[in-house]
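# Architecture at a glance
One-letter residues, chain by chain:
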Amino acid sequence: MSTAVAAPRPWLFGPWPDLLLGCGIGYGLVVVTLAAIGAPMGSLEGWLPLVVLVTGIPHYGATLLRVYGTESGRRRYFLYAFPLGFLVWGAFAASLAAPRLGTWLITLYLTWSPWHYTAQNFGLVMMFLRRAGITVAPALRRLVWISFVLSFVLVFANIHGSASAGGADPLQAASAAYRFAPLGIPAGFALGALAVVGASYVVVTGLVIRTLVQIAGIARLVPALALVASQAAWFVLPVLLGLMRPALYASGGATALAFIWVAIAHSVQYLWISFHYARASGSVAKAAPAGLSYLGKTVLAGSAIWVLPAIVCAPGALGILPFESGLGLLVAAAVNLHHFILDGAIWKLRDGTVGNVLVGQTSAAPQAAPAARGLGAWVLRAAFVGVGLVAAGAWAVAASEKEMGIRRAAAAGDLARVEAAARRLALLGRDGPRIHVAIGRLREARGEKDAAHAAYEAALALDPEDATALDRIAESWITRGDFQRALDARYRAARNAPDRPAFRRRYEELLARLQAPPEAGDTEVIVVGGATSASEADAATQTSRTTP
């Protein structure tokens, strides 16, 4: 049986910081506020990378500092830091030339991600219960665990159903080759599973809340109950809303960026607990300058792990895969899978050191060893700061150029600004076919047909299977009279983007046009194979529409 005992220190930083940052209440306030004021998702999306720079990026950096930042950390977590870390990044390198492996990595990452968030919320619930002085019996712990597992199963069944958006979601697909691949659970079975699991979740969670209230009362359970509510808001509610009102999650919908907001909330939560652990364990002094220095280091470390692989493996450097065609999503998969593995090792309440710091009433972790001295240590620290600053700057510049130099400048018709942004993004490893498509559209609007065609060819040189570039160059081939190339491009565009029916419709229209019999008075000659003279047309088996 669970019993209640005295709890002298239930909070880490205090009620409001813990509830807003650690228990997810801040996330709810942000989402509700944005929905209430009707903030356009399109205008927010371009600036989210800058929000991620001070939330998501440092949350990865906090893990890296804890594992790799000290000799004791490297020794203690050697298996996870080195052999398993090399395995993940080796798979990343191999996937650059093996799209199927890349798809597996992306699918594993996006499937594991909600589980990672779920496990963190569960661990925090256990921490707050123990800090509240509640001795959690094994039966109650299992009940709480089942509640969180059921919420994850809801997400799993939803994203792996045959009707899953999958590759239609830009967060889950970069190209035809690199994308999330749902298991394809039959729709009927998935819907039935969602109903059964959803009902079970409601029953089990209700039992959890009732049992906890009977043991300790509402007042001492506020942070734990807030985390239970956050888990429901992050995973259960989106599944329910997606089934009842899919338009909310469509492009431009009120919750279109729900995944991003949840990821940001999780990152803030992670920084909150990591900062507490660093101070309580003695590795970071409690003075404000030391805390700011620690947070700065997390930004530098996180920026380096996110930005450097994208620059090194970009076309023109050591790679051939453009950032927006798969490289960016593969970097996200590798960074996150590495992060998940490390986190599984370093955050365990049953670990004596971790348990004492997070749950114990004293700072029981050993004090950090003094920083290494000497020229070699100074050079390493200087290199870390320099590389981190360059990486963080590159991230910020890339975000700004994508928003101001590409999206907004293209909407304003400012070709010179778009081309300048394209050059800068290429230097940062962020070149991609969609940038050149934007340039081609602007050239086309000016009547510069040849320059537009060259821009579309540049896009396809980066990614020969980019659906948008194929669709645009098909139109260019039609104006040049090369209907065979246009038909091939239209077919590949429709094949590579099955979620965009307009591409399929344009392919079918062109195919029907080529197969239709000539009409009276039609003098257009449609040549299959790009022939230009009458004899070449005959040799290429032309379809002619010539009548006097």
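My aim in this report is to walk through the structure given alongside it, one point at a time. Just so it is clear, the model here is predicted, and its values are computed rather than measured.

## Some details on the packing of aromatic side chains
Taken as a whole and judged by the stated rule, the model has 23 aromatic pairs. Seen from their ring centres, Phe-13 and Phe-275 are 6.0 Å apart, and the 5° between their planes marks the pair as stacked. Remark: Phe-275 occurs in helix 13 (residues 258-280) and Phe-13 occurs in the loop between strand 1 (3-4) and helix 1 (15-22); sequence separation between them is 262 residues. The exposure class assigned to Phe-13 is partly exposed, which follows from its relative accessible area of 29%. With centroids separated by 6.0 Å and ring planes inclined at 80°, the aromatic side chains of Tyr-27 and Trp-234 adopt a geometry described as edge-to-face. In this pair, Tyr-27 sits in helix 2 (residues 25-37) while Trp-234 sits in helix 12 (residues 222-244), placing the two residues 207 residues apart along the sequence. Like Tyr-27, the residue Trp-234 is buried in the burial classification. Among the aromatic residues, those joined into a cluster by ring pairs are Trp-115, Phe-122, Trp-145, Phe-148, Phe-152 and Phe-156. The ring of Trp-347 carries Arg-66 above its face, with NZ or CZ at 4.3 Å from the centroid.

## Observations concerning the pattern of salt bridges
Inspection of every chain in the model, using the stated rule, returns 19 salt bridges. With a shortest N-O distance of 4.0 Å, Asp-466 and Arg-434 are connected by a salt bridge. Remark: Arg-434 occurs in helix 19 (residues 433-445) and Asp-466 occurs in the loop between helix 20 (449-462) and helix 21 (467-479); sequence separation between them is 32 residues. Looking at Arg-434, the relative accessible area reads 41%, which means it is partly exposed. Arg-443 is paired through a salt bridge with Glu-448; the nearest N and O atoms lie 2.7 Å apart. Connected through shared salt-bridge partners, Glu-465, Asp-488, Arg-492 and Arg-495 make up one network.

## Some details on helix 18 (residues 415-427)
The terminal C-alpha atoms of helix 18 lie 19 Å apart, and with 13 residues this matches the ideal 18 Å at 1.5 Å per residue to within 8%. Taken residue by residue, helix 18 has Leu-415, Val-418, Ala-420, Ala-421, Ala-422 and Leu-425 as its buried positions. Looking at the buried residues of helix 18, the elements they touch are helix 17 (375-412) and helix 19.

## A few points about helix 17
Counted at 1.5 Å a residue, the expected span for helix 17 with its 38 residues is 56 Å, and the 53 Å between its end C-alpha atoms agrees. At Glu-401, helix 17 shows its largest kink, close to 30°. Where helix 17 terminates, the next one or two residues include Gly-413, which has phi positive at roughly 75°.

## Quick notes on the environment of Ala-412
Along the chain, Ala-412 falls in helix 17. Classification of Ala-412 by relative accessible area gives exposed; the value is 64%. Residues Ala-412 and Leu-442, spaced 30 residues apart in sequence, show a C-alpha to C-alpha distance of 9.8 Å.

## As for the packing of helix 19 against helix 21
Interhelical geometry of helix 19 versus helix 21 gives an angle of 25° and a closest axis separation of 10 Å. One way to sum up the angle between helix 19 and helix 21 is to call them roughly parallel. Between helix 19 and helix 21 the crossing geometry is left-handed. Contacts between helix 19 and helix 21 pair Val-437, Arg-441 and Glu-444 from the former with Thr-468, Ala-469 and Arg-472 from the latter. Broken down by class, the residue content of the contact of helix 19 with helix 21 amounts to two nonpolar, one polar and three charged.

## Details of the nonpolar core
Ranked by size, the top nonpolar core spans 105 residues in total, and within it Phe-92, Met-127 and Leu-129 carry the most contacts. Here this core gets twelve residues from one element, more than from any other, and that element is helix 9 (residues 99-131). Not counting the four nearest positions on each side in its chain, Met-127 is found in contact with Leu-12, Trp-272, Ile-273, Leu-349, Leu-358 and Val-359. Counting residues in hydrophobic clusters, the runner-up holds 23 residues, among them Val-437, Ala-474, Ala-489 and Ala-497.

## Re the environment of Val-390
If you trace the backbone, Val-390 turns up in helix 17. With a relative accessible area of 59%, Val-390 lands in the exposed category. As a C-alpha pair, Val-390 and Leu-308 span 82 residues in sequence and 9.5 Å in three-dimensional space.

## Here's the deal with the side chain of Thr-111
The topology assignment puts Thr-111 in helix 9. Taking relative accessible area as the criterion, Thr-111 reaches 14% and is therefore assigned buried. Setting aside residues up to four positions removed in sequence, Thr-111 forms contacts with Phe-152, Phe-156, Ile-159, His-160 and Phe-180.

## Considerations on a nonpolar patch on the surface
On the surface, Trp-16, Leu-20, Leu-21, Ile-25 and Leu-29 cluster together to form a nonpolar patch covering roughly 490 Å² of accessible area. Within the secondary structure, Leu-21 is located in helix 1.

## Here we look at empty space enclosed by the protein
One pass over the full model with this rule turns up one cavity of 30 Å³ or more. Its volume calculated, the largest cavity comes out at about 70 Å³. In this structure, the largest cavity is lined by Tyr-60, Thr-63, Leu-64, Ile-305, Val-335, His-338, His-339 and Leu-342. Those elements giving two or more residues to the lining of the largest cavity turn out to be helix 5 (56-68) and helix 15 (327-346). At four residues, the largest contribution of residues to the lining of the largest cavity is made by helix 15. When grouped by side-chain class, the residues that make up the lining of the largest cavity number five nonpolar, three polar and no charged.

About the thresholds
By convention here, each chain's residues receive numbers from 1 onward along its written sequence. Predicted model: local features are reported for residues with pLDDT of at least 70 only, side-chain atom pairs are reported and counted for 80 or more only, and whole-chain, interface and lining totals are derived from all residues. Side-chain numbers here rest on the full set of heavy atoms in the structure, without hydrogens or water. The aromatic pairing rule takes the rings of Phe, Tyr and Trp, using the six-membered ring of Trp, and pairs them if the centres are within 6.5 Å, calling planes under 30 degrees apart stacked, those over 60 edge-to-face and the rest tilted. Only DSSP runs of H or I with at least four residues qualify as helices, and only runs of E with at least two residues qualify as strands; both kinds are numbered from the N terminus onward. Exposed residues in this analysis have more than 50% of their type's maximum accessible area, buried residues have under 20%, and partly exposed residues fall in between, with area computed by a 1.4 Å probe over protein chains only. Here, a charge over a ring is recorded when the distance from Lys NZ or Arg CZ to the ring centre is within 6 Å and its angle to the ring normal is within 35 degrees. Within this document, salt bridges are pairs made up of a side-chain nitrogen of Lys or Arg and a carboxyl oxygen of Asp or Glu, the two lying within 4 Å of each other. To estimate the expected span of a helix, subtract one from its residue number and multiply by 1.5 Å. Residue contacts follow a heavy-atom distance rule, with two residues in contact if any of their heavy atoms lie within 4.5 Å. Take the seven residues that end at a residue and the seven that start at it, fit an axis to each, and the angle between those axes is the bend at that residue. A fitted line through C-alpha atoms represents every axis, and for helices the fit uses only the stretch in contact; the resulting angles, taken between N-to-C directions, go from 0 to 180 degrees. For this classification, under 35 degrees means roughly parallel, over 145 means roughly antiparallel, 65 to 115 means roughly perpendicular, and everything else is oblique. Handedness of a helix crossing follows the sense of rotation of the near helix relative to the far helix, less than a right angle counterclockwise being left-handed and clockwise being right-handed. In this count, Pro and Cys sit with the nonpolar residues alongside Ala, Val, Leu, Ile, Met, Phe, Trp and Tyr, while Asp, Glu, Lys and Arg are called charged and the others, Gly among them, polar. As used in this record, nonpolar core signifies buried Ala, Val, Leu, Ile, Met, Phe, Trp, Tyr and Cys residues forming a set joined through side-chain atoms within 4.5 Å. Patches here: salt-bridge-free residues with over 30% relative accessible area, like charges joined within 9 Å, nonpolar side chains (Val, Leu, Ile, Met, Phe, Trp, Tyr) joined within 5 Å. In short, Shrake-Rupley with a 1.4 Å probe defines the accessible areas, and a residue's cover is counted only from the protein chains shown. Throughout, the protein atoms alone are placed on a 1 Å grid, and a set of points is a cavity if a 1.4 Å probe fits but cannot get out or a pocket if it is open with protein on both sides within 12 Å along at least five of seven lines; lining residues have an atom within 4 Å of a point. Grid points are joined across faces, edges and corners, and a volume is the space filled by probe spheres set on the points.

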